[in-house]
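Commentary on secondary and tertiary structure
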Amino acid sequence: MAESRNGPLRVGLCYDRFGDAPRPPGAPPDWDAEYEPEETVAALEAALRRLGHEPVRLGNAAAVLARMPDLGVDAAVNIAESYGSRNREAHVPVLLELAGVPCVGSDALSLSVSLDKHLTKTVVAAAGVGVPPGGVVPLGADAGALVEAAGLAFPLMAKPRYEGTAKGITPSSRCETSDGLVAEVARQHALYGQDVVVEAFVDGAEWTVGVVGTGDGARALPALQRAVEPRSGIGVHALPGDPDYVIGGALTPELEERLGDAALAAHRALECRDFSRSDFRVAADGVPVFIEINPLPTFAPDGTFAILAELDGQPYDAFLADVLGAALDRALADSARLGAEAGGGGPPANDR
C-alpha cells in the first residue's frame, strides 16, 4: 500500500463534473468537454482513502468560492477546468492559495500559460523541443494574411487558442487550401469567441506521454500511441463520433527515450507540478514534434493513467495513490518552506 509521509489528512477534491453546472449562454456545444464523470472523482477518493486520508468534495470554482475563506481541509487535489476565460484553469488554484491550502497539481501561472497554445509552444520551443511552425489569427482578423506573412505551407491545422481536450476540432480543422482555412478560422472565431492558432499539420504517428513528479524529480511514464483517422490524419480522440482509424509507426527504445525526454522538457519548462500529459506527432524522420500539454489530465478509469496502471499490473487506486501520495508530500513541504521563509511558520490554519 502506498503511504504518505504525512499523517491522516482531510484532502479537498476540486473538480468540474458533468451536469453540475448549466450551459452558459452562448457557449459552444462542447463547452464542458474537459469536465469529468463521477467515476473520476470516485477514483481519486479511493486513492486518497488508500493513503489513509479523508477525501472532502469541494467541487468547482463557484463551490470553492462559496466556502471561502475556511475550506476545512489540510490540502487539496485540483483537477478543476472552470469556464469563461483563458485564465479559467487558474480559478481554483488562486482560491486555494488565498485560503492557504496546499494544492496538488500545477499552480495558477503554469495552468494559465499552458492553456494558451501559442504561449505554450513559445516556452516549449525555447526548451529545445520541436514545435510546428505557425502563428495566431486574432479574433476577427484575416487568416490568409497570417499564411502569407509567416510563409506557411498547406496542409495547416486550426484550433482555438485557449481550449483543450480537442475542443473545436473537426475534420475541417485540417485545411488544405486558403479558402478552407478562412472558413475554418471563421467557424472557430464564431463558436469560441477567441483567437485561433494556425500551424503546420504534422503527418505521422501520434503519441501521448504522461509525466509525474516535479522539477528534477519528475519522470516520464511509458508512451502510448493514439489512433488517427486515415482521411484527415487527425487523432481519433479529437473527432466526434466513432471514426475509422489507423495506427502506424513503431515504438522503438530510441523513440520512447526521445518522447520521454521531450515530455519532461515541456513539463519542466512550464514548471508543471505533480502530473501532466503531453501529445506529440512523429513524422518519417523520427523526431517528436510537440503538439500540446495538459497539466490537468483526466484521471478517469478509462483514461491514459488508468491504461498505464493496467500495463503496470497495478490496481488503479494503488497507481493513483502512488501519484497523489508523492504529490501531497511535495505540496505540504513547499507550503511549509514558503511559510518559514515568510516568517509565519506555514499557511493559515483551517478550523475543523
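Residues numbered from 1 in each chain as written. Predicted model: local features only at pLDDT ≥ 70, side-chain atom pairs only at ≥ 80, totals over all residues. Heavy atoms only, no water.

**Examining the packing of aromatic side chains**
Note the threshold: The rule is short: rings of Phe, Tyr and Trp, with Trp giving its six-membered ring, pair when the centres are within 6.5 Å, and they are stacked under 30 degrees, edge-to-face over 60, tilted in between. Comment: the charge-over-ring label is applied if NZ (Lys) or CZ (Arg) is within 6 Å of the ring centre and within 35 degrees of the ring normal.
Taken as a whole, this structure holds six aromatic pairs when the rule is applied. If you follow arginine 174 out to its NZ or CZ, it ends over the ring of phenylalanine 201, 4.4 Å from the centre.

**Re the sheet that holds strand S7 (residues 174–175)**
Let me state the cut-off plainly: Any two strands with at least two DSSP-identified bridges between them are counted as paired. Only DSSP runs of H or I reaching four residues or more are called helices, and only runs of E reaching two or more are called strands; each is numbered from the N terminus. Whether two residues are in contact is decided by their heavy atoms, any of which lying within 4.5 Å being enough. Orientation is described by lines fitted to C-alpha atoms, with helices fitted over the stretch in contact, and by angles between N-to-C directions that extend from 0 to 180 degrees.
Taken in spatial order, the four strands make up an open sheet running S5-S8-S6-S7, and their pairing is antiparallel. What marks the edges here is a single partner per strand, and that holds for strand S5 (134–137) and S7. Where strand S6 (residues 156–160) and strand S8 (residues 196–200) come together, five bridges link them in antiparallel fashion. Paired with leucine 156 across the strands is alanine 200, a residue of S8. Along the sheet face, helix H5 (residues 117–126) touches S5, S6 and S8 and points at about 45 degrees away from the line of S8. On top of the sheet, helix H6 (residues 143–150) reaches S5, S6 and S8; it is set at about 155 degrees to S5, its chief contact.

**What about the packing of H6 against helix H7 (residues 178–192)?**
Operational definition: Here roughly perpendicular refers to angles of 65 to 115 degrees, roughly parallel to angles under 35, roughly antiparallel to angles over 145, and oblique to all remaining angles. Asp, Glu, Lys and Arg are counted as charged, while Ala, Val, Leu, Ile, Met, Phe, Trp, Tyr, Cys and Pro are counted as nonpolar; the rest, among them Gly, fall into the polar class.
It is the contact of H6 with H7, at a shortest axis distance of 8 Å, that shows an interaxial angle of 125 degrees. As judged from the angle between their axes, H6 and H7 are oblique. Judged by residue contacts, Ala143, Gly144 and Val147 of H6 engage Leu181, Val182 and Val185 from H7. Partitioned by chemical class, the residues of the contact of H6 with H7 number five nonpolar, one polar and no charged.

**Observations regarding the environment of proline 69**
Spelled out, the test is: For every residue, the accessible area (1.4 Å probe, protein chains only) is compared with the maximum for its type, and the residue is labelled buried under 20%, exposed over 50%, or partly exposed between those bounds.
By the secondary structure assignment, proline 69 is in the loop between helix H2 (61–67) and strand S3 (75–78). The class for proline 69 is exposed, based on a relative accessible area of 63%. Remark: the alpha-carbon pair of proline 69 and glycine 100, spanning 31 residues in sequence, is separated by 8.9 Å.

**A short note on the nonpolar core**
As a reminder, the rule being used: Buried Ala, Val, Leu, Ile, Met, Phe, Trp, Tyr and Cys residues form a nonpolar core when they are joined through side-chain atoms within 4.5 Å.
Of all hydrophobic cores here, the largest spans 33 residues; its most connected members are Val104, Phe299, Tyr316, Phe319 and Leu324. Elements represented by at least two residues in this core include exactly strand S1 (10–14), helix H1 (38–50), S3, helix H9 (304–311) and helix H10 (316–341). For this core, the leading source of residues is H10, giving 10 residues. Those residues in contact with phenylalanine 319 that sit more than four places away from it in its chain are Leu221, Phe305, Leu308, Ala309 and Gln314. If you look at the next biggest cluster of nonpolar residues, it comprises 20 residues, including Ala223, Leu259, Leu264 and Ile293.

**Examining the sheet that holds strand S2 (residues 54–59)**
Across the sheet, which stays open at both edges, the four strands sit in the order S2-S1-S3-S4 with parallel pairing between neighbours. Of all the strands in the sheet, just S2 and strand S4 (103–104) have a single pairing partner and so form its edges. Pairing between S1 and S3: four bridges, direction parallel. Each residue of the ladder has a partner; that of cysteine 14, found in S3, is asparagine 78. Sitting on the sheet, H1 touches S1 and S2, and the angle it makes with S2 is about 150 degrees.

**Some thoughts on H6**
Stated precisely, the cut-off is as follows: Think of it as the arc spanned by the lines of direction from the helix axis to the C-beta atoms. Polar contact criterion, stated in full: a pair of N or O atoms within 3.5 Å, where within protein one must be able to donate a hydrogen and the other to accept it, and residues adjacent in sequence count only if both atoms are side-chain atoms.
Along H6, the residues that are buried comprise Ala143, Leu146 and Val147. Burial along H6 is one-sided: seen end-on, the buried residues are contained in an arc of 100 degrees. Along H6, exposed side chains directed more than 90 degrees from the buried face belong to Glu148 and Ala149. The opening residue of H6, the one whose side-chain oxygen lies 3.0 Å from the backbone nitrogen of glycine 144, is aspartate 142. A positive backbone phi angle near 65 degrees is found at glycine 151, which sits one or two residues after H6.

**A short note on the confidence of the model for the protein**
Quick note on the threshold: Predictor confidence is given residue by residue as pLDDT, running from a minimum of 0 to a maximum of 100.
Per-chain confidence: the protein averages 92 in pLDDT, with 95% of residues scoring 70 or above. Of the regions scoring below 50 in pLDDT, residues 345–352 engages in 21 contacts with residues more than four places distant in sequence or in other chains.

**Comments concerning unusual backbone geometry**
For the bond running from methionine 68 to proline 69, omega is 5 degrees, close enough to zero to count as cis. A cis amide bond links phenylalanine 154 to the next residue, proline 155, at an omega of 5 degrees. By secondary structure assignment, the location of proline 155 is in the loop between H6 and S6. Despite not being glycine, glutamate 271 shows a phi value in the positive range, around 55 degrees. Locating glutamate 271 in the fold gives a position in the loop between helix H8 (253–269) and strand S12 (275–282).

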